[in-house]
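# Close look at the chain arrangement
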Amino acid sequence: MHPDTPHTRPQRIAQDTYLVPRLVPAGELGFVPVNSMVITGREPVIVDTGAPLHREQWLADVFGLVAPEDVKWIFVSHDDTDHVGNLREVLERCPSATLLADFQTWQRLSVDFDMPLHRMRWLNPGESLDAGDRTLHVVLPPLFDSPATRGLVDGTSGVMWAADAFAAPAPGPVHEARDFPPGMFDASFVPFNSTANPWHGWLDPVAYGRHLDALRQLPVEVVASCHGPVLRGELLDHAYAMTRAMAGAPVVPAPGQPLLDAILAAALGPAAATAR
Ligand SMILES: [Fe+2]
Ligand SMILES: [Fe+2]
């Protein structure tokens, strides 16, 4: 763990629902969140499994909220490392849990390890799961960076897990968008989401608008995601509006060699960048 990384603790964001936040330093931008979520209902659900970098603390946080033997469901939104980074450990420690995934996640992860097909259930967008005291609805998030990606809407708490959508760096251990310094969320929103989802430049605004309209009609009051702050009320409306405006808009170029040079210079001194 980077020595400048603030300690973070699970945050209750709705009834029976906890954000498990982790941060990764991002220089002058602040910190990139790498969050996951736990639903502590009658049939507890782990929603994404964090990154390998944070394994020890992540496991302690999650199993401080729910005992491993009580976990009934493990939902992985997609196959990226920051979402399945502790999946093997969770499968080992939670013998009663069923893995909620899909064909694409299985295909893409099967080159990493032998996935337990007999412990899996595949769910596609539009399908639902009865999790005891709640129904979980699988959705296609507003933005995504893997074809496997699915989000989750909890019909009881009104929380949506938006996977990689609505990303924005945090100023520190601040997990609600309403607590960000003024302007910070807006300033970084388009660059962050554009570089991670460069396909937005090809989108027809009307067709894409229909996708967002369908999501907005769901009974969602709180949105949590892996790489952004918790969104509610007007800030959630605003995040949707900024996302909607990205359809067909110019793509923000990803940082290139100058950023790598700057990172190396900051870490090793100016000679490191020029010596290569
Ligand atoms: Fe991703
Ligand atoms: Fe991610």
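How each quantity is defined
- Residues numbered from 1 in each chain as written.
- Chains lettered and ligands numbered in written order.
- Predicted model: local features only at pLDDT ≥ 70, side-chain atom pairs only at ≥ 80, totals over all residues.
- Heavy atoms only, no water.
- Phe/Tyr/Trp six-rings, centres within 6.5 Å; stacked < 30°, edge-to-face > 60°.
- Lys NZ or Arg CZ within 6 Å of the ring centre and 35° of its normal.
- Donors = N, O, S within 2.8 Å, 3.2 Å for Na, K, Ca; no water.
- Helix = DSSP H or I, 4+ residues; strand = E, 2+ residues; numbered from the N terminus.
- Polar contact = N/O pair within 3.5 Å; in protein donor to acceptor, adjacent residues only side chain to side chain.
- Contact = heavy atoms within 4.5 Å.
- UniProt positions renumbered as here; feature names shortened; annotations may be inferred.
- Salt bridge = Lys/Arg side-chain N within 4 Å of Asp/Glu carboxyl O.
- Buried < 20%, exposed > 50% of the residue type's maximum accessible area, 1.4 Å probe, protein only.
- Pairing = 2+ DSSP bridges.
- Tetrahedral: all angles 85-135°; square planar, octahedral: opposite > 155°, others 65-115°.
- Patch = residues over 30% accessible without salt bridge, like charges linked within 9 Å, V, L, I, M, F, W, Y side chains within 5 Å.
- Areas by Shrake-Rupley, 256 points an atom, 1.4 Å probe, with all protein chains shown as cover.
- Axes fitted to C-alpha atoms, helices over the stretch in contact; angles between N-to-C directions.
- Parallel < 35°, antiparallel > 145°, perpendicular 65-115°, else oblique.
- Left-handed = near helix turned anticlockwise from the far one by under 90°.
- Right-handed = clockwise from strand over helix to strand, strands pointing away.

### Quick word on the packing of aromatic side chains
Summed over all chains, the structure comprises eight aromatic pairs. An aromatic cluster is built from F166, F180, F185, F189 and Y240, whose rings are joined through pairwise contacts. Sitting over the face of the ring of W73, K72 holds its NZ or CZ atom 5.3 Å from the ring centroid.

### A closer look at the coordination of the iron ion (ligand 1)
Octahedral metal centres with six donors ideally show angles of 90 or 180 degrees, and tetrahedral centres with four donors ideally show 109.5 degrees. Only H78 (NE2), D80 (OD), D145 (OD), D145 (OD) and D164 (OD) from the protein coordinate the iron ion (ligand 1), and they sit 2.0 to 2.7 Å from it. All donor residues of the iron ion (ligand 1) come from one chain, and their arrangement in sequence is H-x1-D-x64-D-x18-D.

### Quick notes on the side chain of N35
Along the chain, N35 turns up in the loop between β4 (31-33) and β5 (36-39). Looking at N35, its side chain comes within polar contact range of the main-chain oxygen of G228, at 3.3 Å. Not counting chain neighbours up to four residues away, the residues in contact with N35 comprise L19, V20, P21, R22, W161, S225, C226 and G228.

### Remarks on the UniProt feature "domain: Metallo-beta-lactamase" (unreviewed entry) in the protein chain
When the UniProt feature table is mapped to this numbering, "domain: Metallo-beta-lactamase" (unreviewed entry) covers residues 33-211. Secondary structure within residues 33-211 divides into 27% helix and 18% strand; the distance between the first and last C-alpha atoms comes to 26 Å.

### Side note on the pattern of salt bridges
By the definition in use, this model includes 11 salt bridges. In this structure, R134 engages D16 in a salt bridge whose closest nitrogen and oxygen atoms are separated by 2.9 Å. Note that R134 is positioned in the loop between β10 (128-130) and β11 (135-139) and D16 in the loop between β1 (11-14) and β2 (17-20), a separation of 118 residues in sequence. For D16, a relative accessible area of 24% gives the class partly exposed.

### Regarding the sheet that holds strand β14 (residues 222-224)
Strand order across the open sheet formed by six strands is β10-β11-β12-β13-β14-β15, with mixed pairing between neighbours. Sheet topology places β10 and β15 (231-232) at the edges, where each strand pairs with a single neighbour. For strand β12 (residues 151-154) and strand β13 (residues 159-161), the ladder comprises two bridges, and the chain directions are antiparallel. Within the sheet, the bridge partner assigned to L152 lies in β13 and is W161.

### Looking at the pairing of β12
Side chains of β12 alternate between two faces, with G151 and V153 and L152 and D154 buried alike. Connecting β12 to the antiparallel partner β13 that follows it, the hairpin turn spans four residues, and G158 within it adopts a positive phi of roughly 75°.

### A closer look at unusual backbone geometry
Positive phi outside glycine occurs at D48, with the angle close to 65°. Mapped onto the elements, D48 comes out in the loop between β6 (45-47) and α1 (55-65).

### A few points about the coordination of the iron ion (ligand 2)
Taken together, the protein ligands of the iron ion (ligand 2) are D82 (OD), H83 (NE2), D164 (OD) and H227 (NE2), with distances of 2.1 to 2.2 Å. One way to put it: the four donor atoms around the iron ion (ligand 2) meet at angles of 79 to 165°, and that makes the site irregular. In primary-sequence terms, the residues that donate to the iron ion (ligand 2) follow D-H-x80-D-x62-H. A separation of 3.5 Å is found between the iron ion (ligand 2) and the iron ion (ligand 1), both of which receive a donor from D164. One end of the pair, D82, is in helix α2 (residues 81-84); the other, H227, is in the loop between β14 and β15, with 145 residues separating them in the sequence.

### Some thoughts on a nonpolar patch on the surface
Taken together, the side chains of F103, L117 and W122 make up a nonpolar region of the molecular surface, amounting to roughly 300 Å² of accessible area. By the secondary structure assignment, F103 is in helix α4 (residues 103-109). Given the relative accessible area of 42%, F103 is considered partly exposed.

### Examining the packing of helix α6 (residues 205-216) against helix α7 (residues 233-245)
At a minimum axis distance of 10 Å, the contact between α6 and α7 shows a crossing angle of 165°. Relative to α7, α6 is oriented roughly antiparallel. Taken as a pair, α6 and α7 cross one another with a handedness that is right-handed. Contacts between α6 and α7 involve Y208, G209, L212, D213, L215 and R216 from the first element and L236, D237, Y240, T243 and R244 from the second.

### A few points about the pairing of strand β8 (residues 98-101)
Residue alternation in β8 divides its side chains into two sets, T98 and L100 and L99 and A101, and both sets are buried. Bridge analysis of strand β7 (residues 73-75) against β8 gives three bridges, and the strand direction is parallel. Bridge pairing in β8 places I74 opposite L99. Inspection of the sheet shows β8 paired to strand β9 (residues 120-122) by three bridges, in the parallel sense. Across the sheet, L100 pairs through a bridge with R121, a residue of β9. With α4 bridging β8 and the parallel β9, this β-α-β connection has right-handed handedness.

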